[in-house]
Amino acid sequence: MNYVIGIGGVTNGGKTTLTDKLMKTLPNCCVVHQDDFFKKPDQIEVGEDGFRQWDVITALDMDAMTNTVKGWIENPEKFARSHGVLLSSSSDVANPDEQIHVLILEGFLLYNDPRLLDVFDKCYCITIPYEECKKRRSTRQYTVPDPPGLFDGHVWPMYIKHRREMEDSGLDIEYLDGLKSKEDLYNQVYEDIQNNLLNRL
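Residues numbered from 1 in each chain as written. Predicted model: local features only at pLDDT ≥ 70, side-chain atom pairs only at ≥ 80, totals over all residues. Heavy atoms only, no water.

## Quick look at the overall build of the protein chain
Counting its regular elements, the protein chain contains 6 helices and 5 strands. Tracing the protein chain from N to C terminus, the helices and strands come up as β-α-β-α-α-β-β-α-α-β-α. Across the 201 residues in the protein chain, those meeting the buried criterion constitute 43%. Put simply, of all contacts in the protein chain between residues at least 6 apart along the chain, 76% involve residues at least 24 apart. Distance from the positive charge centre (22 side chains) to the negative charge centre (33 side chains) of the protein chain: 4 Å. (Helix = DSSP H or I, 4+ residues; strand = E, 2+ residues; numbered from the N terminus. Buried < 20%, exposed > 50% of the residue type's maximum accessible area, 1.4 Å probe, protein only. Contact = heavy atoms within 4.5 Å. Lys, Arg positive; Asp, Glu negative; His and termini not counted. Charge placed at Lys NZ, Arg CZ, Asp CG, Glu CD.)

Here it is in structure tokens:
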């Protein structure tokens, strides 16, 4: 059984932390990080707001990401092996068809590419308020440092715009409170996924 989870949401909301914890505890779990598909800095356009447009879907090679996801869907075992994920042997399961393979897609614009909308079995979106997001963003060290004014001039307005698009996508999205402790968030999501998986078997 294949099961695809989306963990989307605002920048610095805790997506990667949650994903990393889930990856360690879910069975045969692979992860695809949307951030791994950013184009090179010289391919990122400068917008009317004067900033390089990092926070838009065209900053990402979504063709490559979609193909990566398709690769997992076609053969999760082969994908897992090629990404160094240890698989529980099928002898651990009475019926090999009951073997569960989980894929987590993690990113800030997961629900904004129409090609990915129908792959998800479960969608989460982490939200945090503006003030908290700005505070967390200002303490993060990025390879390409944020220029002054980027958060208010580009990052947050794009988040609001894309959140509206996401809400209009028709996906059944469960919103998570990013102000909760990392442990509470993890427990909430892990329990939810376990229940969903049990209901599928």
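## Re the pattern of salt bridges
Tallying each qualifying case throughout the model produces 13 salt bridges. Residue aspartate 121 is joined to arginine 200 by a salt bridge in which the shortest nitrogen-to-oxygen separation is 3.2 Å. With aspartate 121 in the loop between β3 (101-106) and β4 (122-127) and arginine 200 in helix α6 (residues 182-200), this residue pair connects regions lying 79 residues apart in the sequence. Under the relative-accessibility criterion, arginine 200 is labelled partly exposed at 41%. Between glutamate 174 and lysine 122 there is a salt bridge whose closest N-O contact spans 2.8 Å. With glutamate 174 in strand β5 (residues 173-177) and lysine 122 in strand β4, the pair connects residues that are 52 residues apart, well separated along the chain. The exposure class assigned to glutamate 174 is partly exposed, which follows from its relative accessible area of 24%. Residue classification places lysine 122 among the buried residues on the basis of a relative accessible area of 16%. By sharing partners, the salt bridges in this structure join Asp63, Asp113 and Arg115 into a single network. (Salt bridge = Lys/Arg side-chain N within 4 Å of Asp/Glu carboxyl O.)

## Comments concerning the sheet that holds β4
With respect to topology, 5 strands assemble into an open sheet ordered β2-β3-β1-β4-β5, the strand pairing being parallel. Each end of this open sheet is capped by a strand with a single partner; those strands are β2 (29-33) and β5. Direction aside, neighbouring strands of the sheet carry axes that sit 20° apart on average. Relative to β3, strand β1 (residues 2-9) is paired through 6 bridges, and the arrangement is parallel. From the neighbouring strand, tyrosine 3 faces β3, where its bridge partner is valine 102. (Pairing = 2+ DSSP bridges. Axes fitted to C-alpha atoms, helices over the stretch in contact; angles between N-to-C directions.)

## Some thoughts on the nonpolar core
Grouped together as the largest cluster of nonpolar side chains are 25 residues, with contacts concentrated most on Leu103, Leu105 and Phe120. Every element with two or more residues in this core is listed here: β2, α2 (62-74), α3 (76-82), β3 and β4. Those residues in contact with leucine 105 that sit more than four places away from it in its chain are Val4, Ile5, Gly6, Ile7, Val32, Val69, Leu110, Val119 and Phe120. Counting residues in each nonpolar core, the second largest holds 19 residues, with Ile5, Leu26, Val102 and Ile126 among its members. (Core = buried A, V, L, I, M, F, W, Y, C linked by side-chain atoms within 4.5 Å.)

## Looking at the side chain of asparagine 12
Its place among the elements puts asparagine 12 in the loop between β1 and α1 (15-25). For asparagine 12, a relative accessible area of 9% gives the class buried. Of note is the side chain of asparagine 12, whose polar atom sits 2.5 Å from the side chain of arginine 140. In contact with asparagine 12, not counting residues within four places along its chain, are Ile128, Arg136, Arg137, Arg140 and Tyr142. (Polar contact = N/O pair within 3.5 Å; in protein donor to acceptor, adjacent residues only side chain to side chain.)

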